[in-house]
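Chain by chain, the residues:
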Amino acid sequence: MSEDFTPEFLDEMTDTLQEQRADLINKSHVARADLRAREKAPGDSIDESVDEQGTSTTLRLKDRERNLLTKINDALNRIDDGDYGFCENCGDPIGTGRLRARPMATLCIECKEDEEREERRLKSGNPGMFSPIKHG
Ligand SMILES: [Zn+2]
């Protein structure tokens with residue numbers, strides 16, 4: 001076996017993931033408090049336009065944060081199950097370097113690159129419904 005995950009490494013990843021989860025939850029609380037504060041104190045017209053953008057950013061962020069939270073929880077579950085750190089596609093160890101950089105990674109670098117290539121291929125192979133038609 002080229003690479004083995006030591007209990008110390010798994011502990012390290014658990015810490016990292018739990019930290020990121022706490023961070024995420026913290027941030028979403030801050031965003032919500034921020035939103036409430038702005039509702040309570042209506043500003044002038046300049047502030048209002050900023051407000052609209054700020055609100056939509058907060059909503060977008062919440063969606064992304066929810067996704068991230070799911071990924072973090074999944075990773076923590078995999079650590080519990082002993083499945084953590086192995087590629088979902090080929091079963092190879094993902095590698096400690098890649099996991100330290102991306103603790104939620106579920107694919108090894110080769111499979112990830114394959115996936116991205118495939119996505120690009122699908123996108124370029126599909127010109128879309130509204131390809132422009134030129135007359136004359
Ligand atoms: Zn793989």
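Not measured: the values here are computed from a predicted model.

Criteria and cut-off values
- Residues numbered from 1 in each chain as written.
- Predicted model: local features only at pLDDT ≥ 70, side-chain atom pairs only at ≥ 80, totals over all residues.
- Helix = DSSP H or I, 4+ residues; strand = E, 2+ residues; numbered from the N terminus.
- Contact = placed C-beta atoms within 7 Å.
- Buried ≥ 20, exposed ≤ 12 C-beta atoms within 10 Å, placed from the backbone.
- Expected span 1.5 Å × (residues − 1).
- Core = buried A, V, L, I, M, F, W, Y, C linked by C-beta atoms within 7 Å.
- pLDDT = per-residue confidence, 0-100.

Visitor: Before we go on, may I ask you to explain the overall build of the protein chain in this structure?
Guide: Along its length, the protein chain carries four helices and zero strands. Taking contacts inside the protein chain between residues at least 6 apart in sequence as the whole, the part at least 24 apart equals 54%.

Visitor: Explain the environment of Arg21 to me, please; I cannot follow it from the model alone.
Guide: Relative to the elements of secondary structure, Arg21 occurs in helix 1 (residues 7-40). A tally of 17 C-beta atoms within 10 Å means that Arg21 is categorised as partly exposed. Sequence separation between Arg21 and Ile72 is 51 residues; the distance between their C-alpha atoms is 6.8 Å. When near neighbours in sequence (up to four residues on either side) are disregarded, Arg21 contacts Leu69 and Ile72.

Visitor: I keep staring at helix 4 (residues 109-125) and nothing clicks. Help me out?
Guide: Residues that lie three or four places apart on an α-helix share one face, since the helix turns once every 3.6 residues. Taking 1.5 Å per residue, 17 residues should reach 24 Å; helix 4 reaches 24 Å between its end C-alpha atoms and fits that length. Within helix 4, only zero of the 17 residues are buried, leaving the element largely exposed.

Visitor: Can you walk me through the environment of Ile72 in this structure?
Guide: By secondary structure assignment, the location of Ile72 is in helix 2 (residues 45-81). Judged by the 21 C-beta atoms lying within 10 Å of it, Ile72 falls in the buried class. Sequence separation between Ile72 and Pro103 is 31 residues, and the spatial gap between their C-alpha atoms is 8.1 Å.

Visitor: I tried to follow the nonpolar core on my own but got confused; where do I start?
Guide: Here is a general trend for soluble globular proteins: nonpolar side chains tend to be buried in one another's company. Grouped together as the largest cluster of nonpolar side chains are nine residues: Met13, Leu17, Ile72, Ala75, Tyr84, Ile94, Leu99, Leu107 and Cys108. Broken down by secondary-structure element, the contributors of at least two residues to this core are helix 1 and helix 2.

Visitor: Looking at this model, I keep getting lost on the confidence of the model for the protein chain. Mind explaining?
Guide: Interpreting fine coordinate detail is not advised for predicted regions of low pLDDT. For the protein chain, mean pLDDT is 82; residues scoring 70 or higher make up 74% of the total. By mean pLDDT, the top-scoring element of the protein chain is helix 3 (residues 96-101) (95), and the lowest-scoring one is helix 2 (75).

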